[in-house]
Amino acid sequence: MSLKIAVYPGSFDPLTKGHFDIIQRAATVFDKLIVCVMVNNSKNYLFSSEERKNLIKENLSELDNVEVDTYDGLLIDYVKSRNTNIIVKGLRALTDFENEFQMALTNKHLDNNIETFFMMTSNKYSYLSSSLVKELVKFQGNVSDFIPANVEKAIQKKHEEGSIK
Ligand code: PNS
């Protein structure tokens, strides 16, 4: 039987506990999970793609079958280059559906072989987003429940440097 490889793409600017919850759960469903830090043209990023990648990597010591990569082209090209056709996405209760529906159908139109699987975020993270975290940090709100410790350290540093606009 062939290994089931899945790609979990996203901006991860930065990684939240909501993203990490999806990583942990998807890693139990697929033989191998590749988290791919990508570019969403509608966003300006606080962290570089290397920084975003490293912040994820530092949380993966207990997840042997998860790899992190970066790519700044089309998602379907990356997925094919990793010899798979499976995309995994997290879906929050209300906010994500329209955008994710559009992306999944566009990717399917570009390559009919691509399959997107959605995992519902756990209830406790259903309202969480990287943008919310950045706004809280900007105004000195407590974000320790929302992001891993290494991410908190890195984002506080960005705040001290005046990088959060
Ligand atoms: O975390 P995000 O910002 O919702 O992730 C969106 C992302 C980066 C997965 C999406 O913008 C993407 O796939 N970008 C790569 C370029 C691409 O393939 N665009 C067409 C998507 S239909």
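Residues numbered from 1 in each chain as written. Predicted model: local features only at pLDDT ≥ 70, side-chain atom pairs only at ≥ 80, totals over all residues. Heavy atoms only, no water.

### Side note on the pattern of salt bridges
Counting across every chain of the model gives 11 salt bridges. Taking the shortest distance from any N to any O, the salt bridge between Asp21 and Arg25 comes out at 2.9 Å. Taken together, the residues span about one helical turn, with Asp21 and Arg25 both in helix 1 (residues 17–29) at a distance of four residues. Here Lys80 and Asp111 are joined by a salt bridge, their closest N and O atoms 3.3 Å apart. A residue pair is termed long-range when its members are at least 10 positions apart, and Lys80 in helix 3 (residues 75–81) and Asp111 in the loop between helix 4 (97–110) and strand 5 (115–120) qualify at 31 residues. Taking the relative accessible area as the measure of exposure, Lys80 reaches 40% and is therefore partly exposed. Judged by its relative accessible area of 14%, Asp111 falls in the buried class. A single salt-bridge network, built from bridges that share partners, covers Lys32, Glu67, Asp69 and Arg82. (Salt bridge = Lys/Arg side-chain N within 4 Å of Asp/Glu carboxyl O. Helix = DSSP H or I, 4+ residues; strand = E, 2+ residues; numbered from the N terminus. Buried < 20%, exposed > 50% of the residue type's maximum accessible area, 1.4 Å probe, protein only.)

### Notes on the pairing of strand 1 (residues 5–10)
Most of strand 1 is tucked away, with five of its six residues classed as buried. Two elements, strand 1 and strand 2 (residues 32–37), share six bridges in a ladder whose sense is parallel. Counterpart to Ile5 in the pairing with strand 2 is Lys32. In terms of strand pairing, strand 1 meets strand 4 (residues 86–91) through two bridges, oriented parallel. Each residue of the ladder has a partner; that of Ala6, found in strand 4, is Ile86. (Pairing = 2+ DSSP bridges.)

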